[in-house]
Amino acid sequence: MAVNIILPPSSLSLWHTKKLIYSTQIRFRIMSSASKSQPQSVASSAVYQVPGLDSHEMDSTADKTFERYSSNTAKRNGKGVSIVWFRNDLRVLDNEALFKAWVSSQAVLPVYCIDPRLFQTTYYFGFPKTGALRAQFIIECLADLKKKLMKKGLNLLIQHGKPEDILPSLAKAFGAHTVYAHKETCSEELQVERSVARGLRQVELSPAQGNSSRSSSTHSPKLQLIWGSTLYHLDDLPFSVGSLPDVYTQFRKSAEAKCTIRGCIRLPTSLGPPPSVDDWGIIPSVEQLGLHSEKVVKGMRFLGGETAALSRVTEYFWNKDLLKIYKETRNGMLGPDYSTKFSPWLASGSLSPRFIYEEVKRYEKERLANDSTYWVLFELIWRDYFRFISIKYGNSFFHLGGPRKVEKRWHQDQKLFETWRNGCTGYPLIDANMKELSASGFMSNRGRQIVCSFLVRDMGINWRMGAEWFETCLLDYDPCSNYGNWTYGAGVGNDPREDRYFSIPKQAQTYDPDGEHVAFWVPELLTLPKERRNFPGKSYIEQVVPLKFGSSNKHHSQRSKYGGRHSGLRNR
Ligand SMILES: Cc1cc2nc3c(=O)[nH]c(=O)nc-3n(C[C@H](O)[C@H](O)[C@H](O)COP(=O)(O)OP(=O)(O)OC[C@H]3O[C@@H](n4cnc5c(N)ncnc54)[C@H](O)[C@@H]3O)c2cc1C
């Protein structure tokens, strides 16, 4: 049963901004049968829907946003049919591929290919390439995209198979002169782009099927790839990708000083009609993708799709007014509101970073501008940076030695790895974060840095095992951000200065001082006094490895199978 309750600070708080935030009371929508009078038990079993709006509020938010972003002046001057191949750009708003397809044709055929390779296994360690929770999220994105396209007079053709098999045969069948799609940057996606282009070259179209009146001979459909996943456009950068700075700050300062962010693409209200299609296909269930469906029964339940994405922006910026305190809250770990939670929609492309930029600017004009409003953009520039860096360094992003080709001995101890993966390391902070990842497909940025450091530094395990497990589980999995951050965390990234050790006791004391996050995810700790939840001693399972730096426990009562060791890393 769905009930709305207001969680009191004792059951869920952003510790360092408690006063600030709870003076205005954050309202969570909880799907739970627990009563209001049992905040502790509600908190330890609650599901937080993100965004927390009901479907009516979300539809109306999306409709209003689309109204603001519609164009009455866009002109169509093409001929024939064009195809839009949707990939990680599952949105209508600010979708340049869709816009160009519309401009250059008389009929647009939107297509999504359910590529079986996405449901196989990860490259080295054979984990599922897409976990059930992300599969569910993508299914919801597709359902919403179809709805949005239908509202604009189009539809979405769902096809099962490899894009390189499907798109050329569709181009042939519909006489499409061009396939428009967004450009990707990592090897697997680039390989697919090359195969699609090759497949299209084999297709022969009659002269009448072109989009130019001058064409008099047979020709092949073209693949036109468009850049559209970042805040800054690749073509606007003040340096070539080959000479991209290896230090983030240099990149950011230069981009901020010398580039402008392009405005969102505005589409006309109607994009139809589509070509005539007998069977538009159906959006599959998780089971039809060969996975076992999983339900989020605890933690955050993200709703997939552009409607939810636009609603989350409205909820976080405007309804809850949290943008103005983002910089103070962003290192939190518990609940929907310490950070924007935009990442799952950004990764699936149901949210455009340029739209976020325009909303930040609108907020700064209408409400206020401060460090926090800027900091969301600062973080989005990190996202840009990893995407551009992935072009510069290509496959070395995925190599053990990373972009810097660092030679180091790594372990591949499966049993030890499993304690990390399953959240049974004996360190509540690690275990809570890993349980959160498995149960919800999400983990805070703080949590990700801590568990990465622990796997790599304290366990000495091959960082790619961790990166691949994240690839399986994360709703926001994105090869550039994931492998970019993991290479940094493992000390093999392009910036040699990013060699970090995260001390668990320090992190626990700073970011979870009342043990609220660990007690939420490891409920047996709930009965301990707050200050002991992160340092439970014998009340919790034995630690599987010692920490590299000093004592693992501020109370010095923790058991460990091993003695302590030291290394020369910077300790945070
Ligand atoms: C080991 C590790 C793996 C990661 N894997 C991914 C991944 O696969 N996909 C992913 O989107 N992010 C990844 N991140 C980055 C970051 O943790 C998430 O983007 C962030 O936690 C998402 O939550 P949010 O949207 O509330 O972020 P906010 O704090 O609200 O930030 C706003 C946006 O800025 C971007 N951003 C913030 N921090 C980073 C960062 N360090 N790197 C790149 N972009 C950032 C994201 O798009 C995010 O949505 C990883 C970080 C680490 C340490």
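Please read all numbers here as calculations on a predicted model, not as lab measurements.

### Some points on unusual backbone geometry
A cis amide bond links Val 50 with the next residue in sequence, Pro 51, at an omega value of 0°. With respect to the element layout, Pro 51 can be found in the loop between strand 3 (47–50) and helix 3 (55–68). Its identity as a non-glycine residue notwithstanding, Asp 94 has a phi of 55°, on the positive side. Tracing the chain through its elements places Asp 94 in the loop between strand 4 (81–86) and helix 4 (96–103). With a relative accessible area of 1%, Asp 94 lands in the buried category. Notably, Asp 321 is not glycine yet its phi reads approximately 55°, a positive angle.

### Quick word on the pairing of strand 6 (residues 157–160)
Note: strand 5 (residues 107–114) against strand 6, 4 bridges, orientation parallel. Looking at strand 6, one finds that Val 111 is bridged to Leu 157. In this fold, strand 5 hands off to helix 5 (residues 132–151), which returns the chain to strand 6; that crossover is right-handed.

### Digging into the confidence of the model for the protein chain
Confidence in the prediction of the protein chain, expressed as mean pLDDT, is 89, and 87% of residues score 70 or more. Contacts from residues 1–42, a stretch scored under 50 in pLDDT, to residues over four places away or in other chains number 83 contacts. The model gives residues 555–572 a pLDDT under 50, and that stretch makes 58 contacts with residues more than four places away or in other chains.

### Points about the site of the ligand
Near the ligand, the surroundings consist of 24 residues, among which Tyr 326, Ser 339, Thr 340, Lys 341 and Asn 445 are the closest. Here an oxygen atom of the ligand sits 2.5 Å away from a polar atom, N or O, in the side chain of Thr 340. In this structure, Asn 485 approaches the ligand through a side-chain N or O atom, which is 3.0 Å from a nitrogen atom. For the ligand, the protein covers 96% of the area, taking 810 Å² as the surface of the free molecule.

### Some points on the pattern of salt bridges
Per the counting criterion, the structure on display carries 28 salt bridges. Among the ionic pairs, Arg 262 bridges to Asp 236, the shortest N-O distance being 2.8 Å. One end of the pair, Arg 262, is in the loop between helix 8 (248–258) and strand 9 (299–302); the other, Asp 236, is in the loop between strand 8 (222–226) and helix 8, with 26 residues separating them in the sequence. Classification of Arg 262 by relative accessible area gives partly exposed; the value is 33%.

About the thresholds
- Residues numbered from 1 in each chain as written.
- Predicted model: local features only at pLDDT ≥ 70, side-chain atom pairs only at ≥ 80, totals over all residues.
- Heavy atoms only, no water.
- Helix = DSSP H or I, 4+ residues; strand = E, 2+ residues; numbered from the N terminus.
- Buried < 20%, exposed > 50% of the residue type's maximum accessible area, 1.4 Å probe, protein only.
- Pairing = 2+ DSSP bridges.
- Right-handed = clockwise from strand over helix to strand, strands pointing away.
- pLDDT = per-residue confidence, 0-100.
- Contact = heavy atoms within 4.5 Å.
- Near = heavy atom within 4 Å.
- Polar contact = N/O pair within 3.5 Å; in protein donor to acceptor, adjacent residues only side chain to side chain.
- Areas by Shrake-Rupley, 256 points an atom, 1.4 Å probe, with all protein chains shown as cover.
- Salt bridge = Lys/Arg side-chain N within 4 Å of Asp/Glu carboxyl O.

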